[in-house]
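# Secondary and tertiary structure notes
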Amino acid sequence: MPEPDQTSPDRVNATFGAMERIPLSRLFIGSVIASVIIAESIVVFMSLLFHGRITPDYLVTGVVAALIVSAIVLSILLRLTQRLRTAEQGVRSIEAKLNEAQRLANFGSWELDLVENRLWMSNEACRIFHVDPQEFDVSYESFPGVVGADDRELVKQSLDEARRDKKSLSFEHGITLPDGRKKIVREQVEVRLDDSGSSVSMLGTVHDITVQIKTEELLKDALESIPEGFVLYDQDDRLVVCNNKYKEIYAASAAVIKPGATFEEIVRYGAKRGQYS
């Protein structure tokens, strides 16, 4: 089922940007001139229709009518302009809050338009990938180029698979920064379809999990350095983590000693295989 149409932030900004380029004074002057011309045209037509000529009293009436119409038009324009500015401020505020939230969470977002072959990335996504949105060639073909050389084929295959099979997927890959440092990120991709079922865009999130991965590696090294068996269960008696020494001690149950397995499942599995006899 196709997803509802959404407007990406770059299109919203382009709309407001176009509005800002129209001088307000020019808009007002144009409206006044148009109002005067319309009002005078109507009055002249009425004068010719009823008197066969343009009379002075009709000219005065035309000027008064033009001023009244101009005042009404200006009032409407002022209200519309104020509402547009208020709406723009609201959009800017929401965008700023979204950027700040993504920055704090190390979480970016992107949208790939498959029809126009254009890629939009949030500020945090650009920071994670360490690219300048003003210089980066934002297209489907160039996207894999921002990742590490070892993972470019993985990213390309994953995106091609999601686009071809029209399905959501999640995968991890590395990023090599210009200074040689490496990052690890997790991508979540979702394909958007049109009414005919064709892929029209891809929505994605990118999460910098470098610190998380390094922390897990440090924890694993610390657990493996313990000479005794170590295991940790959560409040629901599900295994969270253990070291290899623990698996060696309970070798008969090693096949089910995995994160998420319950204590009862492990004990029952081992009992059937003589672990405790």
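Residues numbered from 1 in each chain as written. Predicted model: local features only at pLDDT ≥ 70, side-chain atom pairs only at ≥ 80, totals over all residues. Heavy atoms only, no water.

On to the pairing of strand E1 (residues 107-113). Along E1, 6 of the 7 residues are buried, which leaves the element largely enclosed by surrounding structure. Taken together, E1 and the strand that follows it, strand E2 (residues 118-121), pair antiparallel across an intervening segment of 4 residues, in which Asn-117 is found at a positive phi of about 55°. (Buried < 20%, exposed > 50% of the residue type's maximum accessible area, 1.4 Å probe, protein only. Helix = DSSP H or I, 4+ residues; strand = E, 2+ residues; numbered from the N terminus. Pairing = 2+ DSSP bridges.)

With that settled, the discussion passes to the confidence of the model for the chain. Chain-level pLDDT for the chain is 77 on average; 66% of the residues reach the 70-or-more range. The element-level mean pLDDT for the chain is lowest in helix H1 (residues 9-20), coming to 47, with strand E6 (residues 231-233) highest at 95. Every residue in residues 1-21 is under pLDDT 50, and counting partners more than four places away or in other chains gives 26 contacts. (pLDDT = per-residue confidence, 0-100. Contact = heavy atoms within 4.5 Å.)

Right, let's talk about the sheet that holds E1 for a bit. Sheet architecture is open: 5 strands sit in the order E2-E1-E5-E4-E3, paired in antiparallel fashion. Unpaired on one side and paired on the other, E2 and strand E3 (169-176) mark the two borders of the sheet. Ignoring strand direction, the axes of neighbouring strands in this sheet form an average angle of 25°. Inspection of the sheet shows E3 paired to strand E4 (residues 182-193) by 8 bridges, in the antiparallel sense. When the bridges of E4 are listed, Ser-170 appears paired with Gln-188. With respect to the sheet, helix H6 (residues 210-224) is in contact with E4 and strand E5 (199-208), its orientation differing from that of E4 by roughly 125°. (Axes fitted to C-alpha atoms, helices over the stretch in contact; angles between N-to-C directions.)

Here Lys-183 is to be found in strand E4. Looking at Lys-183, its side chain comes within polar contact range of the main-chain oxygen of Ile-128, at 3.3 Å. If near-sequence neighbours (up to four positions away) are discounted, Lys-183 is found in contact with Arg-127, Ile-128, His-173, Gly-174, Ile-175, Leu-177, Asp-208 and Thr-210. (Polar contact = N/O pair within 3.5 Å; in protein donor to acceptor, adjacent residues only side chain to side chain.)

One finds Trp-110, Met-121, Phe-129, Val-189, Met-202 and Val-206 to be the most contacted residues of the largest nonpolar core, which totals 24 residues. Contributing elements (two or more residues each) for this core: E1, E2, helix H4 (123-129), helix H5 (152-165), E3, E4 and E5. Of all hydrophobic cores here, the second largest spans 7 residues; its members include Tyr-233, Leu-239, Ala-261 and Ile-266. (Core = buried A, V, L, I, M, F, W, Y, C linked by side-chain atoms within 4.5 Å.)

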